Amino acid sequence: MTTAVDGSTFRQVLARWPSGVGIVTTAGEAGRHGMTASSFSSVSLDPPLVLVCVDRRLRSHELLDRNGVFAVNVLGRDHIDLGRRFAGMEPEVTDRFAEGDWLPGATGSPVLTDAAAWVDCRVRNGYPGGDHTIFVGDVVAAGVPRITSPLLFHSRAWGQLADPLPQSVGITDTGLARTLHDQGAAPRRGARLVATVRAAGIPVVVPHGALHTALPAPRGTDAPGTELRTPPGGPAAPACATVRTTPGPPAVHVRSAAQAADAAEAGCPRVEVTVPADGTGTAARAVIRAVAGSATTVVARVHDALAPDRARAVLHTVAALKAAGCAEISLVEARPGPGAANTTGALDGSPLHLRTLLQDVVPQADGLPLRLALRDHHGLGLVNALTAMKSAVRHFDTGLGGCGGLLPTERLVLLCSRMGVATPVGPEVPRSWVNELERMRYGRPLRARTAPDQ
């Protein structure tokens, strides 16, 4: 028995299925022609085949059938205006190809040079499919002109990917050891605090000048030791128990290949080097060569990576660093310069700019771990951290107590606990850490502590 489904219900059902958006183009004696479509799918890998479904009542159907060729141009998130144009939603437009950079493909069908991807095809078969024809095409050429997130169509609306919050995030403290070293804090006392933070599961990057102070003492010598108060939700020790541990060699920030080689010889698990967003990644290559053959990996910190006018250079730099062999990449927001308070609209720390940048950088990294080092000027640090988490960033560079001008570790941990996102130290950073840091920097804790120590 056949059950009829009314057209309205059927459209509502299909509207709940999200899809990408493409522009199907063809060319022949009548010139070039294009239409926006979402009924596109792969059919086979060997041989490479795809299909598009075209309404038989459209002129596009007639031209595609006559020409025997077509291209599908996958639209990126920034192509919404182009998608609307080829969907006929701007009736005053007489030449749809007047917008965008189009070149003829191998079949002559127009190819969008900045598409997220494209395939150029010759029609192999056309199969009837109700009021549509299913055109199956042999893929004769294909390309990925740039890495970007796709334009989506869902519930009759255009949209973009919205990633859910992660289950957990990693944290690396890149500000604490540098600040203590630069301020000349008591080396043994500072080393003890650094070791405590590391033992709790937060890697701490130390400057090369403090490397040998931070290295674990040889067995049998008077080691500084580590007193760690187990954080809530941490490993199985009772609350407020004292755990004594000696972390291994730390990660080290280096400024030269010679320093990198020294750190590798000391057994450091990784070295971190600051590089400019110059599109080349050259500054990291010498460091990678210096540690070759060791177990030490290289992390590149891209300086001033959130500047709006450097977005394209950052993308090229990330691609170059990945190709060079970096194990991780950290995007570092620059400190606000003079007059920044009067130019809020142009600040690096714009959540909108950060979202736009990450939508391109994350696909460009293609699985390579990305870290983000945020500032907290204008109170945007936590807003940007949340924006980044929803943009697939899973690791942050912070500074305990805001060391290094970075987003304070304790504030990020608190945000994550309120959002149900796990961190290495549980729901809160132990207050004894911050108290000890402030005693070393200022001689006393800066704020009254009314809650019991963690």
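Above: the structure in question.
The structure reproduced in this document is the subject of the present report. (Residues numbered from 1 in each chain as written. Predicted model: local features only at pLDDT ≥ 70, side-chain atom pairs only at ≥ 80, totals over all residues. Heavy atoms only, no water.)

## Topic: the packing of aromatic side chains
Heads up, the condition is: Working definition: a ring pair exists when centres of Phe, Tyr or Trp rings (six-membered ring for Trp) sit within 6.5 Å. Plane angles under 30 degrees give stacked, over 60 give edge-to-face, the rest tilted. Helix and strand definitions follow DSSP, with helices as H or I runs of at least four residues and strands as E runs of at least two, each counted in order from the N terminus. Categorising residues by exposure relies on relative accessible area from a 1.4 Å probe, with only protein chains included: less than 20% of the type maximum marks a residue as buried, more than 50% marks it as exposed, and the intermediate range marks it as partly exposed.
Scanning the entire structure with this criterion turns up three aromatic pairs. Taking 5.1 Å as the distance between ring centres and 80° as the angle between the ring planes, the aromatic pair formed by Phe86 and Phe97 counts as edge-to-face. Of this pair, Phe86 sits in helix 3 (residues 80–86) while Phe97 sits in the loop between helix 3 and strand 7 (102–104), placing them 11 residues apart in sequence. In this structure, Phe86 and Phe97 share a single accessibility class: buried. With centroids separated by 5.4 Å and ring planes inclined at 50°, the aromatic side chains of Phe86 and Trp102 adopt a geometry described as tilted.

## Digging into the pattern of salt bridges
Short version of the rule: We count a salt bridge whenever a side-chain nitrogen from Lys or Arg sits within 4 Å of a carboxyl oxygen from Asp or Glu.
Summed over the entire model, instances satisfying the criterion amount to 16 salt bridges. For Arg371, the salt bridge identified is with Glu328, shortest N-O distance 3.3 Å. Here Arg371, found in strand 21 (residues 370–373), pairs with Glu328, found in strand 20 (residues 328–332); they are 43 residues apart in sequence, far enough to count as distant. Its salt-bridge partner being Asp397, residue Arg371 comes within 2.7 Å of it at the nearest N-O pair. Taken together, the positions of Arg371 in strand 21 and Asp397 in strand 22 (residues 395–398) put the pair 26 residues apart, joining distant regions of the chain. Salt bridges here are not isolated pairs; linked through shared partners, they connect Arg270, Glu272, Arg301, Glu328, Arg371 and Asp397.

## Observations regarding the nonpolar core
Inclusion rule: Residues belong to one nonpolar core when they are buried, are Ala, Val, Leu, Ile, Met, Phe, Trp, Tyr or Cys, and are joined through side-chain atoms within 4.5 Å. Contacts are assigned to residue pairs with any non-hydrogen atoms lying within 4.5 Å of each other.
Leu176, Leu331, Leu372, Phe396, Leu400 and Trp433 are the most contacted members of the largest nonpolar core, which totals 70 residues. Leu331 has contacts with Val302, Ala305, Leu306, Val314, Val318, Leu358, Val361, Arg371, Leu372 and Ala373, leaving out every residue within four places of it along the chain. Core analysis: the next-biggest nonpolar cluster, separate from the first, contains 12 residues, Val50, Val52, Val54 and Cys121 among them.

## Comments concerning the packing of helix 5 (residues 187–199) against helix 13 (residues 431–442)
How two helices pack is summed up by the angle between their axes together with the distance between the axes. Here is the rule: For helices, the fitted axis covers only the stretch in contact; all axes are lines through C-alpha atoms, and the angles between them, taken along N-to-C directions, range from 0 to 180 degrees. In this scheme, roughly parallel covers angles under 35 degrees and roughly antiparallel covers those over 145, while 65 to 115 is roughly perpendicular and the rest are oblique. By the definition used in this description, the sense in which the near helix is turned from the far one sets the handedness, with an anticlockwise turn below a right angle giving left-handed and a clockwise turn giving right-handed. Residues are grouped as follows: Ala, Val, Leu, Ile, Met, Phe, Trp, Tyr, Cys and Pro are nonpolar; Asp, Glu, Lys and Arg are charged; every other residue, Gly included, is polar.
The contact between helix 5 and helix 13 brings their axes to 11 Å, and the two run at 160°. One finds that helix 5 runs roughly antiparallel with respect to helix 13. With respect to the hand of their crossing, helix 5 and helix 13 are arranged in left-handed fashion. Contact with helix 5, carried on its side by Arg189, Gly190, Leu193, Thr196 and Val197, involves Trp433, Glu436, Leu437, Arg439 and Met440 of helix 13 and no other residues of that element. Looking at the contact of helix 5 with helix 13, its residues break down into five nonpolar, two polar and three charged.

## Remarks on the pairing of strand 19 (residues 297–302)
Convention followed: Whether two strands pair depends on DSSP finding at least two bridges between them.
For strand 19, the buried fraction is high: five of the six residues fall into the buried class. Across six bridges, strand 18 (residues 270–275) lies against strand 19 in parallel orientation. Residue pairing across strands places Glu272 opposite Val299, the latter belonging to strand 19. With four bridges joining them, strand 19 and strand 20 adopt parallel strand pairing.

## A look at the side chain of Thr148
For the record, the criterion: The term polar contact refers here to a pair of N or O atoms within 3.5 Å; inside protein, the definition further demands a hydrogen-donor-capable atom paired with an acceptor-capable atom, and it admits residues adjacent in sequence only when both atoms are side-chain atoms.
Within the secondary structure layout, Thr148 lies in the loop between strand 10 (132–143) and strand 11 (152–154). Side chain to side chain, Thr148 and Asp360 meet in a polar contact 2.7 Å long.

## Here's the deal with the sheet that holds strand 1 (residues 19–20)
Spatial strand order, 1-11-12: three strands in an open sheet with antiparallel pairing. In the strand order of this sheet, the two ends are held by strand 1 and strand 12 (157–159), each with one partner. In this sheet, strand 11 lies alongside strand 1 in antiparallel orientation, the contact comprising two bridges. Bridge pairing in strand 11 places Ser19 opposite Phe153.

## A word on the sheet that holds strand 2 (residues 22–28)
Sheet architecture is open: seven strands sit in the order 3-2-6-9-10-5-4, paired in antiparallel fashion. Looking along the sheet, the strands with just one partner apiece sit at the ends: strand 3 (31–37) and strand 4 (40–44). Here the average twist between neighbouring strands, direction ignored, is 35°. The sheet contact formed by strand 2 and strand 6 (residues 69–74) spans four bridges and is antiparallel. Note on strand 6: the bridge partner recorded for Ile23 is Asn73. Of the strands in this sheet, strand 2, strand 3, strand 5 (49–55), strand 6, strand 9 (117–129) and strand 10 are in contact with helix 2 (residues 59–67), which crosses strand 2 at around 55°.

## Quick word on a nonpolar patch on the surface
Applied cut-off: Within the patch definition used here, like charges are joined within 9 Å and nonpolar side chains (Val, Leu, Ile, Met, Phe, Trp, Tyr) within 5 Å, considering only residues with over 30% relative accessible area and no salt bridge. Note on areas: Shrake-Rupley with a 1.4 Å probe; residue coverage comes only from the protein chains shown.
Judged by side-chain polarity, Val5, Phe10, Val13 and Leu14 come together as a nonpolar surface patch covering roughly 390 Å² of accessible area. Here Phe10 is to be found in helix 1 (residues 7–15). Under the relative-accessibility criterion, Phe10 is labelled partly exposed at 48%.

## Let's talk about the packing of helix 9 (residues 311–324) against helix 10 (residues 351–365)
At a closest axis distance of 10 Å, the pairing of helix 9 and helix 10 adopts a crossing angle of 25°. For the element pair helix 9 / helix 10, the angle class is roughly parallel. Where helix 9 crosses over helix 10, the two elements pack in a sense that is right-handed. Taken together, the residues of helix 10 that come into contact with helix 9 (itself represented by Ala311, Val314, Leu315, Val318, Ala319 and Lys322) are His353, Leu357, Asp360, Val361, Gln364 and Ala365.

## Points about helix 2
Looking at helix 2, one finds that the buried residues are Ser60, His61, Leu63 and Leu64. Against strand 2, strand 3, strand 5, strand 6, strand 9 and strand 10 lie the buried residues of helix 2. Looking one or two places after helix 2, you find Gly68, whose phi comes out positive at around 75°.

## With respect to the pairing of strand 6
Among the six residues in strand 6, five count as buried, and that is most of the element. Across six bridges, strand 6 lies against strand 9 in antiparallel orientation. Pairing of Asn73 across the sheet is with Trp118, part of strand 9.

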